[in-house]
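Survey of secondary and tertiary structure
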Amino acid sequence: ISASCCRVLAPLPPYDTAPPTTMAEVVDISIIPKVGIEEASMATEAGTSGSSSSSAAGSSAEEDFYIQCDAPNCNEWHEGSTLSPPITPLTASTYETWHCPSCTPYHGPSKLKSVTSMRQGLRKKRRIDFVKLNDPAALLESESNNNGIGVAANDVQEIDFRAKLELRRKKGMFQNGMTAASSIGTGCCLKVVTSGGKNEFTSKYVNTHGFNQPVLFATQQPYQIGLKLPGNHFSFDTVAKLVGPYRKTQVIDTATQLTTEYTLQEWVDYLSTPENERTRILNVITLEYSQTPLGKLVREPQFAREVDFVSQCWPKTTEDLRRILDHNNKNSLDDNEDNDKSKTSKEEEEEENLTELLKELQEEIPRVSKYCLMSAAGSYTDFHVDFGGTAVWYHVYFGQKIFYFIEPTTKNLKIYSEWATNGTSSSGRGSKKSNANAFLPDLITAAGGDVFEVQLKKGQTLFIPSGWIHAVFTPKDSLVFGGNFVHCHSLEMQLTIFRLEKKMRVGKNYKFPFYQKLMWFVAWDFLKQRDDLMMMMQLGDKGKNSVMGREQQVIQQICGKYPNHVLLGYKALAKELESWSRSKQKITTDQFPENMDVTKVAIQLGELLTKCFAHLGVNTKKEKASIKLEKKEKKKTTKQEKKRHNSQISQEKKKPVITPIKCSSSSSPPANKKCKVEGCTQYKRSKCDGYCATHYREQLSLQSGDNIDYNAIPPPGRGCKVDGCNKYKKSKCEGYCLMCFRASVKTTSRPSTSKRAA
């Protein structure tokens, strides 16, 4: 239970065949303290009868009390009785935010609730239960009702995403992401055509062409890309039977983008109702089924299996862990069979420790490669980036999906992070800003970006690269099989998304599980390939070549095996690992592998990659020299063209002609008081060499040549209303300057005395 509210947590099996009939089937008796076993058994037999049973239940509840840390990126559970001072359900309700002892040095001490907040906590609050939201009468419940299910407009903002998308589609905001077959166009999608039943989209294809755009298989069968799926007549009910009808899963409400929990049987009952009778549009996208009977019926595509770091780099046997230990002690990898036969006691203890460590690693292995997505018609998943920057494979078993893609440029990722963290998401949760209902495509297109629309139909498969921002709309009831995988072709993007998640303070439950520990094993696997190649060289040449010669050959093989973008990704990983090895935060240090010297691995990976790039730089010296010569020639040509252009402009320039300014007033000054510029009807000014003020300023600008505008023209609304007059208007002169006002007064006749009297 958390500090803010109390919840009953009952561990559920991965799949069940029948509902639990007694309390003993739900609660694991091994976790109940010895003191409370008899009382619990008596309570189950006798029911709720007597104060002794209630007191015993209260004592056992206090002993089994757990509290969750509220610090960002922690969210760990702690037993209340083991803390100092001990925390009970009563004392936990007094905390506003509770920090565990490990987070207190970084996030400060726990905060107690104020008196006003404690009083407000005793009052009845609005609660949202999406199970009861299917009942239309429940939506009309008010706060005064006993069940407290009322939904107020101030608490949750409901949005019609279908109307939003349709309006922007009519405006032409979305670009068509589909392109011609086997060609890359202006859209975001690339279609790969398979010929002769062979799969062309493999790791070899990605080594040469890269994996930076979504890849769509529109007409290919699943077996052509190495994807294994269940047979025909597979429905939502079949998924519930194979995974377990009483297994709980997260359900997203489309209108509010909030989550709740359903059992799979409840979810199947919801989907079995007709579409016009559903009062809420719900969606399931986080059902992981790899450890259920359904996991044996589905196999990932060939490309995902070939490049997935979890299946390739995570330790599977004790020999892998022993090699890591040997690498910590020495660089050589000698395995003697005689030593294996005569094991000492220390080696036996080490073997036991390795087996225990392997069991822990098998429990911690990230299981993200197989997900089942069951969506009702009209459901919508708002714009997001998959956790850890993972790539995604996505197959529509039946139904239809519409994707909206945004390319992960630095500008777009910045807009996305601000939109997600500042509370300006479409759901409007927790936002106090005026743009609380901002739609991300509006922000992207306003900044000059593009939003691509891609439609997926039944039987089509889509691969989404790392970091792509996307949203999904479901026009029909759909069943989708998909999964996430981390690979070497987008390591730089994956690390940027990891840092972005850390900056956005994404919760632990929404991050890739044990991502940092996986990256340490990835680095170790890369170094292991180096060691294996060194052993092969040593056995092949039989000691003829020197160590330096063998290292040079190994580096040549590594540079020939991996393309440049993969080596750049490993180089970015080496820098990230060096910063992690120096970190003292518990979040980072907890994910250090127990049997690995992390500083040594980070340093060796960085040194190996510097040697690889030095080798690549030697081979490309001539190319770099030619590129420099081309740049120098371009600079020379541009400088010469600029000189010619400037000389032509200077020759074409003529002496400025002074244009006379004509006064619109009827009276003109006498000849001896006129400006000496021909055609000018302005008076000459004193100390201006016979010019008026305007032409005197022009003469000064021509003589000085400093390109300063001496002809100060009054701003709009403050100049004389006579055309051609550049003087300021005077107060009480009816919008004229003093000169023009006098001229206008002379032309008008004087009013009669009778008019003055009137």
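Described below are features of the structure shown in this document. Since the structure is predicted, the reported quantities are computational estimates derived from the model, not experimental observations.

1. Points about the pattern of salt bridges
Evaluation of the coordinates by the stated rule reveals 13 salt bridges. For glutamate 166, the salt bridge goes to arginine 169, with nearest N and O atoms at 2.6 Å. Of this pair, glutamate 166 and arginine 169 are both found in helix H8 (residues 161–170), 3 residues apart, which corresponds to roughly one turn of the helix. The partly exposed category is assigned to arginine 169, whose relative accessible area is 29%. A salt bridge links arginine 323 to aspartate 532; the shortest N-O distance between them is 2.9 Å. In this pair, arginine 323 is assigned in helix H15 (residues 318–329) and aspartate 532 in helix H21 (residues 515–541), connecting sequence segments 209 residues apart. Relative accessible area serves as the criterion here: at 22%, arginine 323 is assigned to the partly exposed category. Note on aspartate 532: relative accessible area 34%, which makes it partly exposed.

2. Some points on the packing of aromatic side chains
The geometry of an aromatic ring pair is captured by the separation of the ring centres together with the interplanar angle, meaning the angle of the planes. A full pass over the atoms with the stated rule returns 29 aromatic pairs. Ring centres of phenylalanine 234 and tyrosine 397 lie 5.8 Å apart, and the angle between their planes is 70°; on these two criteria the pair is classed as edge-to-face. Highlighted residues: phenylalanine 234 in the loop between strand S7 (215–217) and helix H10 (236–243) and tyrosine 397 in strand S13 (residues 391–398), separated in sequence by 163 residues. What makes tyrosine 397 buried here is its relative accessible area of 13%. Clustering of aromatic rings is evident, with ring pairs tying together Phe387, Phe498, Phe512, Tyr515, Trp520, Trp580 and Phe592. Sitting over the face of the ring of tyrosine 270, arginine 278 holds its NZ or CZ atom 5.4 Å from the ring centroid. The ring of phenylalanine 613 carries the charged tip of lysine 571 above its face, separated from the ring centre by 4.8 Å.

3. As for H10
Here H10 has its buried residues at Phe236, Val239, Ala240 and Val243. Down the axis of H10, the sector holding all buried residues measures 95°, keeping them to one side. Looking at the packing, one finds that the buried side of H10 touches helix H11 (264–272), strand S10 (282–288), helix H12 (293–297), strand S11 (371–375), S13 and strand S18 (478–485). Among the residues trailing H10, glycine 244 stands out with phi positive, at a value near 130°.

4. Here we look at a negative patch on the surface
Taken together, the side chains of Glu347, Glu348, Glu349, Glu350, Glu352, Glu356, Glu360, Glu363 and Glu594 define an acidic patch exposed on the protein surface. You can see glutamate 594 is positioned in the loop between helix H24 (586–589) and helix H25 (598–619). Glutamate 594 sits in the exposed class, given a relative accessible area of 64%.

5. Looking at unusual backbone geometry
A cis amide bond links serine 84 with the next residue in sequence, proline 85, at an omega value of -5°. Residue placement: proline 85 occurs in the loop between strand S2 (77–79) and helix H4 (89–92). Despite not being glycine, lysine 732 has its phi angle at roughly 60°, a positive value. Inspection of the secondary structure assignment puts lysine 732 in the loop between helix H27 (693–704) and helix H28 (738–747). Non-glycine residue glutamate 734 carries a positive phi angle of around 60°.

6. Describing helix H17 (residues 345–364)
Each full turn of the α-helix corresponds to 3.6 residues, which orients residues three or four apart in the same direction. Given a rise of 1.5 Å per residue, 20 residues ought to cover 28 Å, and the 29 Å separating the end C-alpha atoms of H17 matches this to within 8%. Considered for burial, the residues of H17 that qualify are Leu354, Leu357, Leu358 and Leu361. Projected onto a plane normal to the axis of H17, the buried residues spread over an arc of 110° and lie on a single side. Summarising the geometry of H17, the exposed residues directed more than 90 degrees from the buried face are Glu349, Glu352, Lys359 and Glu363.

7. Considerations on the pairing of S11
As a general feature of sheets, a regular strand has side chains that alternate between the two faces. Judged by how many residues are buried, S11 sits mostly within the fold: 5 of 5 residues are covered. Along S11, one buried face is formed by Tyr371, Leu373 and Ser375 and the opposite face, lined by Cys372 and Met374, is buried too. In this sheet, S11 lies alongside S10 in antiparallel orientation, the contact comprising 4 bridges. Note that in S11 the partner of asparagine 283 across the bridge is serine 375. When S11 meets S18, the two strands line up antiparallel, connected through 5 bridges.

8. What about the sheet that holds strand S14 (residues 401–406)?
With respect to topology, 5 strands assemble into an open sheet ordered S5-S15-S14-S17-S12, the strand pairing being mixed. Every interior strand has two partners, whereas the edge strands, strand S5 (174–176) and strand S12 (380–384), have only one. Here the average twist between neighbouring strands, direction ignored, is 25°. Bridge count for S12 against strand S17 (residues 469–473) is 3 bridges, and the pairing is antiparallel. Paired with tyrosine 380 across the bridge in S17 is phenylalanine 473. Contacts between helix H18 (residues 410–421) and the sheet are confined to S12, S14 and S17, with S12 contributing the most and set at about 120° to the helix.

9. Let's talk about the packing of H18 against helix H20 (residues 491–504)
Their axes nearest at 11 Å, the elements H18 and H20 cross at an angle of 30°. Between H18 and H20, the crossing angle belongs to the class labelled roughly parallel. Considering the relative orientation of H18 and H20, their crossing is right-handed. Residues Leu413, Tyr416, Ser417, Ala420 and Thr421 of H18 lie in contact with H20, whose contacting residues are Met493, Ile497, Leu500 and Met504. Residue composition of the contact of H18 with H20, grouped by class: 7 nonpolar, 2 polar and no charged.

Cut-offs applied
Residues numbered from 1 in each chain as written. Predicted model: local features only at pLDDT ≥ 70, side-chain atom pairs only at ≥ 80, totals over all residues. Heavy atoms only, no water. Salt bridge = Lys/Arg side-chain N within 4 Å of Asp/Glu carboxyl O. Helix = DSSP H or I, 4+ residues; strand = E, 2+ residues; numbered from the N terminus. Buried < 20%, exposed > 50% of the residue type's maximum accessible area, 1.4 Å probe, protein only. Phe/Tyr/Trp six-rings, centres within 6.5 Å; stacked < 30°, edge-to-face > 60°. Lys NZ or Arg CZ within 6 Å of the ring centre and 35° of its normal. Arc of directions from axis to C-beta. Contact = heavy atoms within 4.5 Å. Patch = residues over 30% accessible without salt bridge, like charges linked within 9 Å, V, L, I, M, F, W, Y side chains within 5 Å. Areas by Shrake-Rupley, 256 points an atom, 1.4 Å probe, with all protein chains shown as cover. Lys, Arg positive; Asp, Glu negative; His and termini not counted. Charge placed at Lys NZ, Arg CZ, Asp CG, Glu CD. Expected span 1.5 Å × (residues − 1). Pairing = 2+ DSSP bridges. Axes fitted to C-alpha atoms, helices over the stretch in contact; angles between N-to-C directions. Parallel < 35°, antiparallel > 145°, perpendicular 65-115°, else oblique. Left-handed = near helix turned anticlockwise from the far one by under 90°. Nonpolar A, V, L, I, M, F, W, Y, C, P; charged D, E, K, R; others polar.

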